[in-house]
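Working through the structure, step by step
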Amino acid sequence: MLLKRFYDTKLAQASYLLGCQATGEALVIDANRDADQYLEAAQDEGLRITHVTETHIHADFVSGSRELASRSQARLLLSAEGGSDWQYAFAEGDGATLLRGGDTFMVGNLRVEVLHTPGHTPEHLCFVVTDTPATDRPMGVFTGDFVFVGDVGRPDLLEKAAKVEGAMREGARALFASIQRFKALPDYLQLWPGHGAGSACGKALGAVPSTTLGYERIANWALADVSEDAFTAMVLAGQPEPPRYFAAMKRINREGPPLLGGMPHPRRLADTALTATLDRGALLVDIRPTADFAEGHVPGALNIPLNAQFTTRAGWFVPYERAFYLLASGAQGEAAVTEAAHALAMIGLDRVEGWFGEGAIEAWTADGGVPQQVPQVTPEELAARAAAGELETGRTVVVDVRGREEFEAGHIPGVRHIVLGLLPDHLDELPRDVPLVLQCQTGGRSSVAASVLQAAGFTNVSNLARGITGWREAGEPVEQGAGAPVPG
């Protein structure tokens with residue numbers, strides 16, 4: 001038996017290659033769209049991919065199962081559980097084998113038993129693996145988004161992301177029942193989850209790549225002996241806002257993701273072409289660091305720096321219905337653009353028409369373009385405005401774009417709270433005739449927020465340098481709780 005884990009850090013997503021070295025057959029579980037990595041790994045190990053499956057209809061990335069099965073000529077195995085609303089619309093046309101709880105299939109000498117574990121989603125499956133030449137007892141379980149290290153999959157996404165009213169409480173109860181059944185399995189079983197720390201599919205995922213059921217029984221809050229009502233309250237409390245793109249992922253993955261044939265490599269465009277491109281109303285996604293963007297950028301551009309949060313933030317703000325262009329700094333270059341295009345393809349943002357280097361801004365400026373900046377406000381400057389009553393009266397409006405729990409744990413008195421990803425839904429609530437100061441923990445998220453507001457036509461926008469961290473370091477006060485509305 002051979003097991004190889006693949007991990008996408010931007011998605012905090014794990015997929016697995018499970019191989020029988022005796023027969024050369026292999027199974028891939030929860031593949032993302034980069035099919036080459038699985039094909040190359042299988043070839044390196046002397047394996048051929050004969051089976052491809054996934055634990056559920058994913059909400060946080062475009063599934064690569066269909067792509068990989070097509071390129072490897074493998075059997076595609078998909079869940080038949082969850083009822084008609086949550087079954088794969090493309091399964092029959094692609095010749096997929098449908099799986100239900102209690103089914104088994106063989107990958108060479110490896111037996112895979114299917115467990116139906118609803119809760120995170122109605123159709124969710126886990127896969128129990130037994131290495132039959134060694135023993136008739138199972139070795140471990142691919143748990144997908146059911147049980148993580150230190151947490152379990154959130155049951156509220158169907159309601160919050162897919163807008164299925166009442167689904168989260170029903171999902172929480174189903175998750176509780178699935179956990180009770182799961183806890184009856186042997187403690188020695190290894191657990192291989194589908195996500196790690198940083199994923200929005202749970203609220204407190206651990207960074208350790210694998211665990212055991214016995215350890216999770218001790219350390220995972222969700223496996224404690226509590227009542228269904230207590231579990232439901234705990235699992236629904238404190239869940240972060242799901243990114244906007246999750247709804248699109250559910251639709252794409254259910255209907256059948258388009259086949260790529262390989263990961264994208266956008267072409268570089270001439271610096272002098274930027275002016276004409278902008279004149280056509282094109283969207284520019286600026287992947288430079290926030291400091292570079294703040295110093296000078298094309299008006300209307302979105303600043304989504306290429307960092308660990310790039311994929312999620314792109315999913316919040318880049319529209320699926322529009323083609324767009326990337327702009328990179330000289331220090332980033334083609335390698336960064338390829339990385340960005342790869343990350344964008346992982347969530348179905350495939351319409352990258354090309355990219356520009358930083359010299360394009362100079363060429364555009366020479367054509368008469370006027371770069372825009374994001375002014376930086378120091379904590380001391382903001383404190384002086386607060387002391388003058390500007391925040392209290394609405395003559396300056398501060399918008400804290402952190403998560404709800406961060407905000408309630410401590411925020412600047414008199415600020416308005418709008419989670420970063422929800423900012424486009426609340427533009428009409430923000431005044432355009434007074435200064436707007438964007439604020440987060442250290443200044444990164446609020447810089448992105450400033451670019452979103454500027455792209456929406458707000459002209460008096462600035463960023464709080466060093467965020468609330470700098471505010472605290474300056475000795476300024478914070479308050480806890482939900483806060484009060486700020487005059488608009």
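The preceding data block contains the structure.
Residues numbered from 1 in each chain as written. Predicted model: local features only at pLDDT ≥ 70, side-chain atom pairs only at ≥ 80, totals over all residues. Heavy atoms only, no water.

Quick look at the sheet that holds strand S14 (residues 302-303) now. Spatially, S14-S13-S15-S16 is the arrangement adopted by the four strands of the open sheet, whose pairing is parallel. Both outer strands of the open sheet, S14 and strand S16 (352-356), are each paired with one neighbouring strand and no more. In this sheet, strand S15 (residues 324-327) lies alongside strand S13 (residues 283-286) in parallel orientation, the contact comprising four bridges. Its bridge partner lying in S15, Val-285 is registered against Leu-326. (Pairing = 2+ DSSP bridges. Helix = DSSP H or I, 4+ residues; strand = E, 2+ residues; numbered from the N terminus.)

Those residues of helix H12 (residues 359-366) that sit buried are Ala-360, Ile-361, Ala-363 and Trp-364. Down the axis of H12, the sector holding all buried residues measures 160°, keeping them to one side. Exposed residues lying more than 90 degrees from the buried face of H12 are Glu-362 and Ala-366. Structurally, H12 contributes buried residues whose contacts are with helix H8 (274-279), S15 and S16. Immediately downstream of H12, the backbone of Gly-368 shows phi near 110°, a positive value. (Buried < 20%, exposed > 50% of the residue type's maximum accessible area, 1.4 Å probe, protein only. Arc of directions from axis to C-beta. Contact = heavy atoms within 4.5 Å.)

With respect to topology, six strands assemble into an open sheet ordered S7-S8-S9-S10-S11-S12, the strand pairing being mixed. This sheet does not close on itself; its edge strands, each paired only once, are strand S7 (104-107) and strand S12 (211-212). Here seven bridges tie strand S8 (residues 110-116) to strand S9 (residues 125-131), and the two strands are oriented antiparallel to one another. Within the sheet, the bridge partner assigned to Val-112 lies in S9 and is Val-129.

What follows covers the nonpolar core. Across soluble globular proteins, nonpolar side chains show a tendency to be buried alongside one another. With 70 residues, the main nonpolar core has Ile-287, Phe-324, Leu-326 and Leu-453 as its most contacted residues. The element that contributes the greatest number of residues to this core is helix H11 (residues 333-346), accounting for seven residues. Ignoring anything within four residues of it in the chain, the contact list for Phe-324 reads Leu-283, Val-285, Val-318, Leu-344, Leu-349, Arg-351, Val-352, Glu-353 and Gly-354. Core analysis: the next-biggest nonpolar cluster, separate from the first, contains 23 residues, Ala-31, Leu-78, Tyr-88 and Phe-90 among them. (Core = buried A, V, L, I, M, F, W, Y, C linked by side-chain atoms within 4.5 Å.)

Moving on: the pattern of salt bridges. All told, the structure shown has 16 salt bridges when counted by the stated rule. A salt bridge links Arg-154 to Asp-156, with the shortest nitrogen-to-oxygen separation between them at 2.7 Å. Residue class for Asp-156 comes out buried when judged on its relative accessible area of 0%. Ionic pairing is found between Arg-402 and Asp-400, a salt bridge with its closest N-O pair at 2.9 Å. Taken together, the shared-partner salt bridges connect Arg-154, Asp-156 and Lys-160 into one network. (Salt bridge = Lys/Arg side-chain N within 4 Å of Asp/Glu carboxyl O.)

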